[in-house]
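Here is what each chain is made of, one letter per residue.
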Amino acid sequence: MKIPFSDYALGAGVATDLVNTSALVRRSTGEVLAGPAALGRFLDDHGLLPANTATNAATTHRPTEQDLTQVLALREELRTLLESDDEDTVAEGANALLGRAGTGPSLARDEDGRWQWYVTTRPDASLADQLAAVIGTGLLGVLRTLSHQRIRHCASPVCDGMFVDTSKAGRRRYCMPDLCGNRLNVARHRARRLAADTPPPKS
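Residues numbered from 1 in each chain as written. Predicted model: local features only at pLDDT ≥ 70, side-chain atom pairs only at ≥ 80, totals over all residues. Heavy atoms only, no water.

Student: Can you explain the nonpolar core? Please cite residues and give values.
Tutor: Residues Leu18, Leu131, Ile135 and Leu139 are the most contacted members of the largest nonpolar core, which totals 40 residues. Looking at this core, the elements that each hand over two or more residues are helix H1 (8-19), helix H2 (36-45), helix H3 (65-83), helix H4 (87-99), helix H5 (127-145) and strand E7 (162-164). Among the elements that line this core, the one with the most residues is H5, at 11 residues. Ranked by size, the runner-up nonpolar core spans eight residues in total, among them Cys154, Cys159, Cys175 and Met176. (Core = buried A, V, L, I, M, F, W, Y, C linked by side-chain atoms within 4.5 Å. Buried < 20%, exposed > 50% of the residue type's maximum accessible area, 1.4 Å probe, protein only. Helix = DSSP H or I, 4+ residues; strand = E, 2+ residues; numbered from the N terminus.)

Student: I'd love a proper account of the environment of Arg150, names of residues and values included.
Tutor: Mapped onto the fold, Arg150 is located in the loop between H5 and strand E6 (151-153). Judged by its relative accessible area of 11%, Arg150 is buried. For Arg150 and Phe163, which are 13 residues apart along the polypeptide, the C-alpha to C-alpha distance reads 8.1 Å. Arg150 has contacts with Val142, Phe163, Val164, Asp165, Thr166, Ser167, Lys168, Ala169 and Gly170, leaving out every residue within four places of it along the chain. Within polar-contact distance, the side chain of Arg150 engages the backbone oxygen of Ser167 at 2.8 Å. (Contact = heavy atoms within 4.5 Å. Polar contact = N/O pair within 3.5 Å; in protein donor to acceptor, adjacent residues only side chain to side chain.)

Student: Outline the pairing of strand E5 (residues 115-121), supporting the account with residue identities and numerical values.
Tutor: Of the strand pairs in this sheet, strand E1 (residues 2-4) and E5 are connected by three bridges, and their pairing is antiparallel. What sits directly across from Lys2, in E5, is Thr120. Here strand E4 (residues 102-109) runs beside E5; their pairing, made up of six bridges, is antiparallel. Within E5, the position partnered with Ala108 by the bridge is Gln116. Hairpin connection of E4 to E5: five residues between the antiparallel strands, including Gly113 at a positive phi of 85°. (Pairing = 2+ DSSP bridges.)

Student: Give me a nonpolar patch on the surface: which residues, what numbers.
Tutor: Side chains of Phe5, Leu107, Trp115 and Trp117 sit close together on the surface and give an oily, nonpolar patch of about 450 Å² of accessible area. With respect to the secondary-structure elements, Phe5 resides in the loop between E1 and H1. (Patch = residues over 30% accessible without salt bridge, like charges linked within 9 Å, V, L, I, M, F, W, Y side chains within 5 Å. Areas by Shrake-Rupley, 256 points an atom, 1.4 Å probe, with all protein chains shown as cover. Salt bridge = Lys/Arg side-chain N within 4 Å of Asp/Glu carboxyl O.)

Student: Please give an account of the environment of Leu131 that cites residues and values.
Tutor: Among the structural elements, Leu131 can be located in helix H5. Owing to a relative accessible area of 3%, Leu131 belongs among the buried residues under this scheme. Once the C-alpha coordinates of Leu131 and Gly11 are considered, the two residues, 120 residues apart in sequence, prove to be 8.7 Å apart. Aside from chain neighbours lying at most four places away, what touches Leu131 is Val14, Leu18, Leu43, Leu48, Val71 and Leu74.

Student: I'd like to hear about H5, residue by residue, with values.
Tutor: Helix length check: H5, at 19 residues, gives a terminal C-alpha distance of 27 Å against a target of 27 Å (1.5 Å per residue), a fit within 8%. Burial analysis of H5 places 16 of its 19 residues in the buried class, which makes it a mostly covered element. (Expected span 1.5 Å × (residues − 1).)

Student: Account for the packing of H3 against H4, with residues named and values stated.
Tutor: Helix-helix packing: each pair is described by the crossing angle between the helix axes and the interaxial distance. Packing of H3 against H4 brings their axes to within 10 Å, and their N-to-C directions diverge by 155°. Between H3 and H4, the angle falls in the class roughly antiparallel. The residues of H4 that touch H3, namely those facing Leu74, Glu77 and Leu81, are Thr89, Val90, Gly93, Ala94 and Leu97. Residue composition of the contact of H3 with H4, grouped by class: five nonpolar, two polar and one charged. (Axes fitted to C-alpha atoms, helices over the stretch in contact; angles between N-to-C directions. Parallel < 35°, antiparallel > 145°, perpendicular 65-115°, else oblique. Nonpolar A, V, L, I, M, F, W, Y, C, P; charged D, E, K, R; others polar.)

Rendered as structure tokens:
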């Protein structure tokens, strides 16, 4: 796998989406990565299904139970890392994630012929370690380009999600804006309706 080092939003987005697949966050729907097939869909949605090196690059590696176990362990480690208030700890952890499968930076031309920095993962790296390298690259890019303050807890009082804000304005508040933001707006609307429909107390 070749990871563009300059595109930190990719790894940051994967970090956000992975940490929010757990039942801790998805209280109403439960665990997202409930099996190897679900992990495959997650990777496919992010364009991260690795080539099957046991056969040829034209086929993709379908996740196994072992892959799932390792990715779930990575998710727990990532959650702990994102919750850290110490910027140096996050940098150290992100470097460790990158080091699991990365072979160091290289300079190569992209599809448009422009020079780009890439991190290439080792051919024998596990799926979880390749995912760790993507996430580590993203987190390091965020720390360097934006700041540690862009790693946040969801602002919804009924959500335990976390996210890495790579937006230009840096004003993102929810881990899943379409879900958490809408839930909060609906709750506030219902509270206002209830208050308007409640008669004032008799004097």
